[in-house]
Amino acid sequence: MKEEQIIKIKSEADTHEFGIKLASELAPGTVVAMVGDLGTGKTTLTKAIAQGLGVRETITSPTFTIVKEYDSGRLPLYHFDVYRIGDIDEMYELGYEEYFYGEGVSVVEWADIIEELIPDEAVRINIEYGPNEGERIYRCTFWQ
């Protein structure tokens, strides 16, 4: 069953808390599909998810490599930034299916660019700027 929630984030600490809690609920083969304008905090949220999974490496945006793998947590984390994908075939060349349907958690920034590849049961988070400085609105879809 699909559940939609709107979560108001008032600070980076709220982002951190949300990411840690989300990570505790993630299972192997989960895809977290994030959409949001530049600067809305997709990578910041990814860092919080990584911490919640126990990843010890420093998380950096994989803008130029498309995917970075982190294996030090309770589950592997596959961090995708598909902003620079010019052709959907690049995802097939990367072997995205092994990541999305494997033993780890895939976090995809700019997921709308590869929407047709995102599994229906993915956790979806649309991030928007909030009304005040530093605030964000997360429009989330979870599968129960």
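Let me begin by describing the structure that accompanies this report.

Cut-off values and rules
Residues numbered from 1 in each chain as written. Predicted model: local features only at pLDDT ≥ 70, side-chain atom pairs only at ≥ 80, totals over all residues. Heavy atoms only, no water. Salt bridge = Lys/Arg side-chain N within 4 Å of Asp/Glu carboxyl O. Helix = DSSP H or I, 4+ residues; strand = E, 2+ residues; numbered from the N terminus. Expected span 1.5 Å × (residues − 1). Buried < 20%, exposed > 50% of the residue type's maximum accessible area, 1.4 Å probe, protein only. Contact = heavy atoms within 4.5 Å. Polar contact = N/O pair within 3.5 Å; in protein donor to acceptor, adjacent residues only side chain to side chain. Core = buried A, V, L, I, M, F, W, Y, C linked by side-chain atoms within 4.5 Å. Pairing = 2+ DSSP bridges. Axes fitted to C-alpha atoms, helices over the stretch in contact; angles between N-to-C directions. Phe/Tyr/Trp six-rings, centres within 6.5 Å; stacked < 30°, edge-to-face > 60°.

### Some thoughts on the pattern of salt bridges
1) Next: Throughout the structure, instances matching the rule amount to four salt bridges.
2) Next: A salt bridge links Lys 21 to Glu 25; the shortest N-O distance between them is 2.8 Å.

### Focus on helix 2 (residues 42-53)
1) Next: Over its 12 residues, helix 2 extends 17 Å from the first C-alpha to the last, a length consistent with the 16 Å expected when each residue adds 1.5 Å.
2) Next: Within helix 2, the full set of buried residues consists of Lys 42, Leu 45, Thr 46, Ala 48, Ile 49, Ala 50 and Leu 53.
3) Next: The inward-facing, buried residues of helix 2 contact helix 1 (12-24), strand 2 (31-36), strand 4 (77-81), strand 5 (105-109), strand 6 (123-129) and strand 7 (136-143).
4) Next: Where helix 2 terminates, the next one or two residues include Gly 54, which has phi positive at roughly 85°.

### So, the side chain of Ser 72
1) Next: Turning to its location among the elements, Ser 72 is positioned in the loop between strand 3 (67-70) and strand 4.
2) Next: At 2.7 Å, the side chain of Ser 72 and the backbone nitrogen of Arg 56 are in polar contact.
3) Next: Within the structure, Ser 72 has its side chain in polar contact with the side chain of Glu 57 (distance 2.5 Å).
4) Next: Not counting chain neighbours up to four residues away, the residues in contact with Ser 72 comprise Gly 54, Val 55, Arg 56 and Glu 57.

### Digging into the nonpolar core
Nonpolar side chains in soluble globular proteins tend to end up buried together.
1) Next: Ranked by internal contacts, the top residues of the largest apolar core, which has 25 residues, are Phe 18, Val 32, Ile 49, Leu 77, Ile 125 and Tyr 138.
2) Next: Looking at this core, the elements with two or more residues in it are strand 1 (2-9), helix 1, strand 2, helix 2, strand 5, strand 6 and strand 7.
3) Next: Element by element, the count of residues in this core is highest for helix 2, at four residues.
4) Next: Tyr 78, Phe 80, Val 82 and Trp 110 belong to the second largest nonpolar core, which has 19 residues in total.

### Here's the deal with the sheet that holds strand 1
1) Next: Overall, mixed pairing links the seven strands, which are arranged 1-7-6-2-5-4-3 in an open sheet. Where the open sheet ends on each side, the last strands, each with one partner, are strand 1 and strand 3. Adjacent strand axes in the sheet meet at a mean angle of 15° when their direction is disregarded.

### Some remarks on helix 1
1) Next: In this model helix 1 runs 19 Å from its N-terminal to its C-terminal C-alpha over 13 residues, within 8% of the 18 Å that 1.5 Å per residue would give.
2) Next: As for helix 1, its buried residues are in contact with strand 1, helix 2, strand 6 and strand 7.

### Digging into the packing of aromatic side chains
1) Next: Applying the stated criterion across every chain yields a total of seven aromatic pairs.
2) Next: On the basis of an interplanar angle of 70° and a centroid distance of 4.8 Å, the ring pair of Tyr 78 and Tyr 99 is categorised as edge-to-face. On the criterion of sequence distance, the pair formed by Tyr 78 in strand 4 and Tyr 99 in helix 4 (residues 96-100) is long-range, its members being 21 residues apart. For the pair formed by Tyr 78 and Tyr 99, the shared burial category is buried.

Geometric descriptors of this kind do not, in isolation, establish any biological role.
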